[in-house]
Amino acid sequence: MIYLDNAATTMRKPPEVVRAVTGALQSFGGAGRGAHGAALAAGMAVYEAREALARLFDAPSPGQVAFCANATEALNVAIAGLLRPGDHAITTAASHNSVLRPLYRARTAGTSLSVLPVAPDGSIDADAFEALFRPETRLVVATHASNVTGDVYDVARLARISHAHGALFCLDAAQTAGVLPVRMGGMGLDLVAFTGHKSLYGPQGTGGLVVAEGVEVPPFKVGGSGVRSFDEEHPRRLPESLEAGTLNAHGIAGLAAGVAFVERVGEDAVAARMRALVARFEDGVRAIDGVRVVGGRGGIDRCGIVAVVLEGVDAAEASARLYADFDICTRAGAHCAPLMHRALGTEDAGAVRFSFSHFTTEDEVDAAARALACLAREAT
């Protein structure tokens, strides 16, 4: 099987991730829920993961890293916690539904929302972005890279504009954490939502929200925290304020091992490999009649994603044929990014997304291009 659906979740994990999860399952108690060895082992693993993620994202301290189940939960925590009735929020049409739906729900509760359009080539206009701000604009939530086309946006510039207007900037780093540098300080990020199961090579059910100092996010959920048990209110101090309930320490141990793998390989090396694989694949499909790459020219960089349209063939059918006939795993449809597909003109038939990982080989990329060529010939 050729697995090219890494933008959804990476299937092939570094061996050390598997070992970390297996070892945790055999030895961990509840993190922060006891003073015995099993509980302390879990707590230490969680803290070491916070340290690793704080390094990765250039966070102020490990305590500013709050664990969540995934980027979706982290974005819900940030949006629900920060927006109040009367506030105004801004996002872009490149956003995933993990951003859009929490913002739509906030809108029904009395906030207002503006969406920066995306051009048919996948690009966004920073000047048009600045024109969206109002005196009541409180929060900007933007994706670092489109999960459809792989276009990487100049979020540092967007953050500077946001701060000039007194707004907080929250980054959806689901597609870029582990692939491209995400530096809170250097990029001016107030909040970073990340997931563990994509390019950080961790298990599903891991992710989090990194919060800059001075930004207070009220608890999204409340309950057991392991501290201040006699207080009626949930703790307000990070990270406990955003971590009600027992943490997924087993998964977090695997996530820490995935982050260590990324650190060892180096983000620059990972990014260079993704660019090379994307370029190789696009070179392979560019000359195929009836195959069109959508987007991919609208950002300042690319992550390891290419979306294509096979003319005259529904994307779902093309993806199904790729798997049935060539044993190639892809993702078809709207990719939970409806506004992006409308901008690209792929709303009706969708697109087939090929997404690579550090473990994808050149032979696999070439095989995918050949398979597309076969499908295109059949469609003519």
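Structure: above.
Now for a quick tour of the structure.

The next point concerns the sheet that holds strand 8 (residues 191-195). Across the sheet, 7 strands lie side by side as 2-9-8-7-5-3-4; this open sheet has mixed pairing. Each of the sheet's edge strands pairs with one partner strand only, and the pair in question is strand 2 (65-68) and strand 4 (112-116). Going across the sheet, the axis of each strand differs from the next one's by a mean of 20°, ignoring polarity. Across the sheet, helix 3 (residues 71-82) touches strand 2, strand 5 (137-143), strand 7 (168-172), strand 8 and strand 9 (207-211), and the angle it forms with strand 8 is around 155°.

A few words now on empty space enclosed by the protein. What the rule picks out here adds up to 4 cavities of 30 Å³ or more. Taken as a whole, the largest cavity spans an internal volume of roughly 70 Å³. Contributing to the lining of the largest cavity are Asn6, Ala7, Gln175, Val179, Lys198, Ser199, Met274, Cys303, Gly304, Ile305, Ser355 and Phe356. Within the lining of the largest cavity, the residues separate by chemical class into 6 nonpolar, 5 polar and 1 charged.

Next up on the list: the environment of glycine 345. Among the structural elements, glycine 345 can be located in the loop between helix 11 (338-344) and strand 15 (351-355). Taking relative accessible area as the criterion, glycine 345 reaches 57% and is therefore assigned exposed.

On the surface, a cluster of nonpolar side chains totalling about 340 Å² of accessible area is made up of Met1, Met11 and Tyr323. If you trace the backbone, methionine 11 turns up in the loop between strand 1 (2-3) and helix 1 (15-27).

Right, let's talk about the packing of aromatic side chains for a bit. By convention here, two paired aromatic rings are described through the distance between centres and the angle between planes. Under the criterion given, the structure shown has 7 aromatic pairs. Look at tyrosine 201 and phenylalanine 261: their rings are 5.5 Å apart centre to centre, the planes differ by 80°, and that puts the pair in the edge-to-face class. In this pair, tyrosine 201 sits in the loop between strand 8 and strand 9 while phenylalanine 261 sits in helix 8 (residues 249-265), placing the two residues 60 residues apart along the sequence. By relative accessible area, tyrosine 201 is classed as buried at 2%. Phenylalanine 261 sits in the buried class, given a relative accessible area of 7%. Judged by centre distance (5.5 Å) and plane angle (20°), the ring pair of phenylalanine 261 and phenylalanine 359 falls under stacked. Here phenylalanine 359 lies in the loop between strand 15 and helix 12 (362-379) and phenylalanine 261 lies in helix 8, a separation of 98 residues in the sequence.

Let us now look at the sheet that holds strand 14 (residues 331-333). With antiparallel pairing, 4 strands are arranged side by side in an open sheet as 10-12-15-14. Whereas interior strands pair on both sides, the edge strands pair on one side only; in this sheet they are strand 10 (291-294) and strand 14. Each strand of the sheet is rotated relative to its neighbour by a mean of 30°, with strand direction disregarded. Taken together, the 4 bridges between strand 12 (residues 305-310) and strand 15 define a ladder with antiparallel strand orientation. Across the sheet, valine 308 pairs through a bridge with valine 352, a residue of strand 15. Sitting on the sheet, helix 10 (residues 315-326) is in contact with strand 12, strand 14 and strand 15, with an inclination near 40° to strand 15.

This part takes up the nonpolar core. Counting residues in each nonpolar core, the largest one holds 93 residues, and the members touching the most others are Leu53, Phe57, Phe169, Leu191, Leu200 and Leu209. Take this core: its biggest share by element is 9 residues, from helix 2 (residues 37-57). Once you skip the residues sitting within four places of it in the chain, leucine 200 turns out to touch Leu53, Leu56, Ala177, Gly178, Phe194, Thr195, Leu255, Gly258, Val259 and Val262.

Two measures define how a pair of helices packs: the angle their axes make with one another and the distance between the axes. For the pair helix 1 and helix 8, interaxial distance at closest approach is 8 Å and the crossing angle is 155°. Taken together, the axes of helix 1 and helix 8 are roughly antiparallel relative to one another. Crossing angle aside, the handedness with which helix 1 passes helix 8 is right-handed. Taking contact as the criterion, the partners of Glu16, Val17, Ala20, Val21, Ala24 and Leu25 in helix 1 are, on helix 8, His250, Ala253, Gly254, Ala257, Gly258, Phe261 and Arg264. Taken together, the residues that form the contact of helix 1 with helix 8 break down as 8 nonpolar, 3 polar and 2 charged.

So, about helix 3. With 12 residues, helix 3 extends 16 Å from end C-alpha to end C-alpha; this agrees with the ideal 16 Å at 1.5 Å per step. For helix 3, the complete set of buried residues consists of Ala71, Ala74, Leu75, Asn76, Val77, Ala78, Ile79, Gly81 and Leu82. Structurally, helix 3 contributes buried residues whose contacts are with strand 2, helix 4 (97-108), strand 5, strand 7, strand 8 and strand 9. Two to three positions downstream of the cap, the backbone nitrogen of threonine 72 sits 3.3 Å from a side-chain oxygen, assigning the N-cap of helix 3 to asparagine 70.

Cut-offs used in this document
Residues numbered from 1 in each chain as written. Predicted model: local features only at pLDDT ≥ 70, side-chain atom pairs only at ≥ 80, totals over all residues. Heavy atoms only, no water. Pairing = 2+ DSSP bridges. Helix = DSSP H or I, 4+ residues; strand = E, 2+ residues; numbered from the N terminus. Axes fitted to C-alpha atoms, helices over the stretch in contact; angles between N-to-C directions. Contact = heavy atoms within 4.5 Å. 1 Å grid on protein atoms, 1.4 Å probe; cavity = no way out; pocket = protein on both sides within 12 Å on 5 of 7 lines; lining within 4 Å. Points joined across faces, edges and corners; volume = space filled by probe spheres on them. Nonpolar A, V, L, I, M, F, W, Y, C, P; charged D, E, K, R; others polar. Buried < 20%, exposed > 50% of the residue type's maximum accessible area, 1.4 Å probe, protein only. Patch = residues over 30% accessible without salt bridge, like charges linked within 9 Å, V, L, I, M, F, W, Y side chains within 5 Å. Areas by Shrake-Rupley, 256 points an atom, 1.4 Å probe, with all protein chains shown as cover. Salt bridge = Lys/Arg side-chain N within 4 Å of Asp/Glu carboxyl O. Phe/Tyr/Trp six-rings, centres within 6.5 Å; stacked < 30°, edge-to-face > 60°. Core = buried A, V, L, I, M, F, W, Y, C linked by side-chain atoms within 4.5 Å. Parallel < 35°, antiparallel > 145°, perpendicular 65-115°, else oblique. Left-handed = near helix turned anticlockwise from the far one by under 90°. Expected span 1.5 Å × (residues − 1). Polar contact = N/O pair within 3.5 Å; in protein donor to acceptor, adjacent residues only side chain to side chain.

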